[in-house]
Amino acid sequence: MPKHKPLMDIREFVEQSIGCWRSQRSAHHLIFSHFEAVQSSIEIVALSPEDPSVLELCQSHGINPTTAISPFYMSWEGLSDWDEKEELKGSCILVPVPDPGYPNRGKLLRNQGYAETIPAVGEYHLTDDDTFVLHTPYDRAMAEERIWFVTPNLRCRVSFIKTSAGSGVVTASFSTEIRSLADGSD
């Protein structure tokens, strides 16, 4: 009988995500009836749980910092074909806080959100096929993201920006992200 692989937890997911990634994103902005292609580089760096920015983010959300696991910093830089003069650039601190009873579920604290540039707290879970699913409510929108690894150096991301009630989709995007390897061979 084949051995069943245990479910991935957030620590494993973050460990697999650490590194530099080249991303190609296709986005459909339904509200504008517009298609956009974005090429970017993404860097994901592990942070210490004692990092002052991690402690501050936990405290701002009333979370005990000792419950945080695998905090990380993410930065991105890219170009869009929608407005070629505008460079897309940003960064944020992300702090996973697993549910003590369900290690593949929890909260994800962000000092800056995806759909709106405000602090945000999302709910995540990892599915049976190791897909990371994140739902994040904002003031005027709701974001849903799904990320999965095809190979250790190739991952895919599907994102939806929905109305705040979650009933209508405003933007839908698909990204492929390829890890940039240190020796230059991808």
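Since this is a predicted model, take the numbers as computed values, not measurements.

*Asks:* Tell me about helix 2 (residues 52-60), and please be specific about residues and values.
*Replies:* Helical geometry: 3.6 residues make up each α-helical turn, so side chains three or four residues apart lie on a common side. Along helix 2, the positions that sit buried rather than exposed are V54, L57 and C58. Down the axis of helix 2, the buried side of the element spans an arc of 100°, and every buried residue falls inside it. Residues of helix 2 that are exposed and point more than 90 degrees away from the buried face comprise P52, E56, Q59 and S60. Of the residues flanking the end of helix 2, it is G62, one or two places downstream, whose phi is positive at about 70°.

*Asks:* Describe the nonpolar core, naming the residues involved and giving the relevant values.
*Replies:* Among the nonpolar cores identified, the biggest contains 18 residues, and F13 and F132 are the most heavily contacted of them. Among the secondary structure elements, those contributing two or more residues to this core are helix 1 (10-17), strand 2 (34-46), strand 3 (72-80), strand 4 (87-99), strand 6 (120-126), strand 7 (132-137) and strand 8 (141-151). Examining the composition of this core, we find that three residues originate from one element, helix 1, more than from any other. Contact partners of F132, with chain neighbours within four places excluded, come to I10, F13, L108, Y124, H125, L126, E145, R146 and I147. By size, the runner-up hydrophobic cluster in this structure holds 10 residues, among which are L47, I63, A68 and V97.

*Asks:* Any details on the packing of aromatic side chains? Residues and values, ideally.
*Replies:* Scanning the entire structure with this criterion turns up four aromatic pairs. Their ring planes at 15° and their centres at 4.7 Å tell us that F13 and F132 sit as a pair that is stacked. Remark: F132 occurs in strand 7 and F13 occurs in helix 1; sequence separation between them is 119 residues. The same class applies to F13 as to F132, namely buried. Taken together, the aromatic side chains of F13, W21, Y124, F132 and F149 make up a single cluster linked through ring pairs.

*Asks:* Residue-level account of the pattern of salt bridges, with values.
*Replies:* Counted under the stated rule, the structure contains seven salt bridges. We note a salt bridge from E145 to R157, for which the minimum N-O separation is 2.9 Å. Of the two residues, E145 is situated in strand 8 and R157 in strand 9 (residues 154-163); the sequence distance between them amounts to 12 residues. Here E145 and R157 have matching classes, each one buried. Taking the shortest distance from any N to any O, the salt bridge between R157 and E177 comes out at 2.9 Å.

*Asks:* Before we move on, can you summarise the pairing of strand 7 with the specific residues and values?
*Replies:* The pairing of strand 6 with strand 7 spans four bridges and is antiparallel. Looking at strand 7, one finds that H125 is bridged to V133. Counted along the chain from strand 6 to the antiparallel partner strand 7, the turn is five residues long, and its residue D130 has a positive phi close to 65°. In this sheet, strand 8 lies alongside strand 7 in antiparallel orientation, the contact comprising six bridges. Directly across from P137, in strand 8, lies its bridge partner M142. Counted along the chain from strand 7 to the antiparallel partner strand 8, the turn is three residues long.

*Asks:* An account of the pairing of strand 4 is needed here, citing residue identities and associated values.
*Replies:* Across eight bridges, strand 3 lies against strand 4 in antiparallel orientation. From the neighbouring strand, F72 faces strand 4, where its bridge partner is L94. Here six bridges tie strand 4 to strand 5 (residues 102-110), and the two strands are oriented antiparallel to one another. Counted as the bridge partner of P96 is L108 from strand 5. In this antiparallel pair of consecutive strands, strand 4 and strand 5, the connection spans two residues.

Thresholds applied
Residues numbered from 1 in each chain as written. Predicted model: local features only at pLDDT ≥ 70, side-chain atom pairs only at ≥ 80, totals over all residues. Heavy atoms only, no water. Buried < 20%, exposed > 50% of the residue type's maximum accessible area, 1.4 Å probe, protein only. Helix = DSSP H or I, 4+ residues; strand = E, 2+ residues; numbered from the N terminus. Arc of directions from axis to C-beta. Core = buried A, V, L, I, M, F, W, Y, C linked by side-chain atoms within 4.5 Å. Contact = heavy atoms within 4.5 Å. Phe/Tyr/Trp six-rings, centres within 6.5 Å; stacked < 30°, edge-to-face > 60°. Salt bridge = Lys/Arg side-chain N within 4 Å of Asp/Glu carboxyl O. Pairing = 2+ DSSP bridges.

That's the geometry; what it means functionally is another story.
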